[in-house]
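Below, each chain spelled out in residue letters.
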Amino acid sequence: MSAISWPEGYARLILDEVDSTNAEAARQARTSSGPIWIMAHRQTAARGRRGRAWRVPEGNFSATLLLMPSEPPELVALRSFVAALALFDTCVRLTGRVEPFALKWPNDVLLNGGKLAGILLETLGNVARVDHLAIGIGVNLIAAPDASEVEDGAVRPVALLPETGADPTPETFLDHLAADFARHETSLKTYGFAPIREAWLSRAARLGEVITARTGSTETRGTFETVDARGNLVLKTPEGRVSIAAADVFF
Ligand SMILES: O=C(O)CCCC[C@@H]1SC[C@@H]2NC(=O)N[C@@H]21
């Protein structure tokens, strides 16, 4: 595997233990003046989407990228697609295989149909313009939580090592991910969301198939048509097209 160079303009902080790298990003935001990757070998209070806990066996990958976008929230939210694409590229490079990986809206990476990685976006700042964005990324490198620990109907958790035999250290994973993220971030800034959206759709799981999107107590079932220019999930239902900004998706 060729050596990878750390992207210019991004700082890096590697911790042995922290409560949550997203919580550390919020603390770093008080003093940091530029983007910084924060990686931890252990998290004692890692959090997942929608207030869930995220269980992290040691050896798995846990990191947060703190950005200072100063952009409106709808643009900032598109970073979840940038992060998902970067994760996809990193996984492909480190395993030498593309076919077992897919992206699940809004921001999971699947491996052999199971959940390999999740992304948690958290914003800090005023409502109109986001001053700080924390992109938290967890990847099951060596071990996945037991299927009994996840919500009913959710995809089963899987890990990279048992599924592919690839055994990157968290540091190696970070080096690749930081480079891949920086490349897609430059593309977003230069060309806008369109190429990111196309690339994401070409790696999407269950495109054209019937899926279910659940938000609280509301459930929408329909054919996964596309992701629109704002990153919304578009489902074709018997009642017409529905565009969904935030939900959990079930296959
Ligand atoms: O629910 C999900 O799918 C998102 C999981 C995100 C977990 C990562 S691990 C690194 C970062 N720190 C946290 O506390 N959470 C994110």
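Definitions and cut-offs
Residues numbered from 1 in each chain as written. Predicted model: local features only at pLDDT ≥ 70, side-chain atom pairs only at ≥ 80, totals over all residues. Heavy atoms only, no water. Salt bridge = Lys/Arg side-chain N within 4 Å of Asp/Glu carboxyl O. Buried < 20%, exposed > 50% of the residue type's maximum accessible area, 1.4 Å probe, protein only. Near = heavy atom within 4 Å. Polar contact = N/O pair within 3.5 Å; in protein donor to acceptor, adjacent residues only side chain to side chain. Areas by Shrake-Rupley, 256 points an atom, 1.4 Å probe, with all protein chains shown as cover. 1 Å grid on protein atoms, 1.4 Å probe; cavity = no way out; pocket = protein on both sides within 12 Å on 5 of 7 lines; lining within 4 Å. Sits in = over half its atoms within 2 Å of the grid points. Helix = DSSP H or I, 4+ residues; strand = E, 2+ residues; numbered from the N terminus. Nonpolar A, V, L, I, M, F, W, Y, C, P; charged D, E, K, R; others polar. Pairing = 2+ DSSP bridges. Axes fitted to C-alpha atoms, helices over the stretch in contact; angles between N-to-C directions. Parallel < 35°, antiparallel > 145°, perpendicular 65-115°, else oblique. Left-handed = near helix turned anticlockwise from the far one by under 90°. Contact = heavy atoms within 4.5 Å. Domains from an automatic or database assignment. Buried area = accessible area lost by both parts, 1.4 Å probe.

Moving on, we get to the pattern of salt bridges. Considering all chains together, one arrives at 23 salt bridges under this definition. Residue E198 is joined to R197 by a salt bridge in which the shortest nitrogen-to-oxygen separation is 3.4 Å. Relative accessible area serves as the criterion here: at 21%, R197 is assigned to the partly exposed category. Here the residues in one salt-bridge network are R49, R50, R52 and D248, joined through shared partners.

In the vicinity of the ligand there are 19 residues, among which S20, Q43, R47, R49 and K115 approach most closely. The separation between an oxygen atom of the ligand and a polar main-chain atom of R49 is 2.7 Å. Its free accessible area being 420 Å², the ligand has 98% of it covered by the protein chains. Of all the cavities here, the one that holds the ligand is the largest pocket. Those elements that provide at least two residues to the shell around the ligand are α1 (21-28), β3 (61-67), β6 (114-125) and β7 (130-139). A per-element tally of the shell around the ligand places β6 first, with four residues. Class assignment of the residues belonging to the shell around the ligand gives a composition of six nonpolar, nine polar and four charged.

Turning our attention to the sheet that holds strand β12 (residues 248-250). Ordered by their spatial adjacency, five strands build an open sheet running β11-β10-β9-β8-β12, and the pairing between neighbours is antiparallel. The sheet is open, and its two edges are formed by β11 (240-244) and β12, each paired on a single side. Here the strands of the sheet are splayed against their neighbours by 45° on average, with no regard to which way each runs. In terms of strand pairing, strand β8 (residues 210-215) meets β12 through three bridges, oriented antiparallel. Along β12, the bridge assignment pairs A213 with V249.

With that out of the way, let us pick up the packing of helix α3 (residues 79-95) against helix α5 (residues 170-191). Look at α3 against α5: their axes get within 8 Å of each other, and the N-to-C directions meet at 135°. As far as their axial angle goes, α5 and α3 are oblique. For α3 against α5, the interelement crossing comes out right-handed. In this structure, α3 uses R79, V82, A83, L85, A86, L87, D89, T90, C91, R93 and L94 to contact α5, whose residues at the interface are T172, F173, H176, L177, D180, F181, R183, H184, E185, L188 and K189. Looking at the contact of α3 with α5, its residues break down into 11 nonpolar, four polar and seven charged.

As a further point, take the domain arrangement of the chain. One can read the domain layout of the chain as domain 1 (11-201) and domain 2 (210-250). Computed over C-alpha atoms, the centres of domain 1 and domain 2 are 23 Å apart. Contact with domain 1, which involves 16 residues of that partner, is made by 17 residues of domain 2. Here domain 1 meets domain 2 over a buried area of about 1200 Å², counting both sides, of which 55% is carbon and sulfur. If you sort the residues of domain 1 by the area they bury against domain 2, R50, W105 and R197 come out on top, with a joint share of 47%. Put simply, domain 1 and domain 2 have three salt bridges between them. Close ionic contact of D248 with R50 constitutes a salt bridge, the shortest N to O distance being 3.3 Å. Our count for the contact surface shared by domain 1 and domain 2 stands at eight residue pairs in polar contact (both at pLDDT 80 or more). Here the side of domain 1 that touches domain 2 takes four residues from helix α6 (residues 193-202), the largest share from any one element.

As paired elements, strand β10 (residues 233-237) and β11 share five bridges and run antiparallel to each other. Looking at β11, one finds that L235 is bridged to V242. The antiparallel hairpin formed by β10 and β11 contains two residues in its connecting segment.

This part is about the packing of α3 against α6. Axis separation between α3 and α6 bottoms out at 10 Å; the angle between their running directions is 50°. Relative to α6, the element α3 is oriented oblique. For the crossing formed where α3 meets α6, the hand is left-handed. Contact with α3, carried on its side by F81, V82, A84 and L85, involves F193, I196, A199 and W200 of α6 and no other residues of that element. Looking at the contact of α3 with α6, its residues break down into eight nonpolar, no polar and no charged.

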